[in-house]
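The residues making up each chain are set out below.
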Amino acid sequence: MLSNTPTHLYDLPIYKKAMEIFALSQNISVYLNHDLSSLKEDGSEDTNIYFSGDIVQQSVSLAPEIVNAELERYSDRKHKHIASLKRLTNLLYRNSYRLEKSHSNGKDFLPILRSELRKFKKLQRSWMLSL
């Protein structure tokens, strides 16, 4: 939690969903890293391993953007946080498709992540109207 942040923000459905997406992304990344971390026969690494880190980095940024948008007084700054949130969501969606091309059993969990992202996008639309 961020210090001096009103606790009611943590009860927002969109915030809760962002935290669920972060936990899911983190677990998927750990699972994929186990399969993707070994070197290929030619000694090169699997480039898909970077996308697994990307989904964690992008998902960890969702909740702070929500909090920042909620706490922002000026509408132009609110819109910057909202735009950042949309961009992060779209990047997460794209990277989940990239990871699905990897040679790992963990890719079976990526449709679940995309399903949660679709739910998040719906929450995002209604949340934006309330700002």
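Now for a look at the structure at hand. (Residues numbered from 1 in each chain as written. Predicted model: local features only at pLDDT ≥ 70, side-chain atom pairs only at ≥ 80, totals over all residues. Heavy atoms only, no water.)

Remarks on the packing of aromatic side chains
Part 1: For the structure shown, the criterion picks out three aromatic pairs.
Part 2: When the centroid spacing of 5.7 Å and the interplanar angle of 65° are considered together, the rings of tyrosine 93 and tyrosine 97 count as edge-to-face. In this pair, tyrosine 93 and tyrosine 97 are both assigned in helix H4 (residues 75–100), four residues apart and thus about one turn of the helix distant.
Part 3: The ring of tyrosine 97 has arginine 114 lying over it, and the distance from NZ or CZ to the ring centre is 4.0 Å.
Part 4: Lysine 121 extends its terminal NZ or CZ atom over the ring of tyrosine 93, reaching a point 4.8 Å from the ring centre. (Phe/Tyr/Trp six-rings, centres within 6.5 Å; stacked < 30°, edge-to-face > 60°. Helix = DSSP H or I, 4+ residues; strand = E, 2+ residues; numbered from the N terminus. Lys NZ or Arg CZ within 6 Å of the ring centre and 35° of its normal.)

Points about the pattern of salt bridges
Pairing between side chains of opposite charge can happen when their charged atoms approach one another.
Part 1: The tally for this structure, following the rule as stated, stands at five salt bridges.
Part 2: Between glutamate 116 and lysine 17 there is a salt bridge, and its shortest N-O distance comes to 2.5 Å. You can see glutamate 116 sitting in helix H5 (residues 110–130) and its partner lysine 17 sitting in helix H1 (residues 13–36), a full 99 residues away along the chain.
Part 3: With relative accessibility at 15%, the residue glutamate 116 sits in the buried group. (Salt bridge = Lys/Arg side-chain N within 4 Å of Asp/Glu carboxyl O. Buried < 20%, exposed > 50% of the residue type's maximum accessible area, 1.4 Å probe, protein only.)

A few points about the environment of lysine 121
Part 1: Looking at the secondary structure, you find lysine 121 in helix H5.
Part 2: Relative accessible area serves as the criterion here: at 22%, lysine 121 is assigned to the partly exposed category.
Part 3: Other than its neighbours up to four places away in sequence, lysine 121 contacts Thr89 and Asn90.
Part 4: Within polar-contact distance, the side chain of lysine 121 engages the side chain of asparagine 90 at 3.2 Å. (Contact = heavy atoms within 4.5 Å. Polar contact = N/O pair within 3.5 Å; in protein donor to acceptor, adjacent residues only side chain to side chain.)

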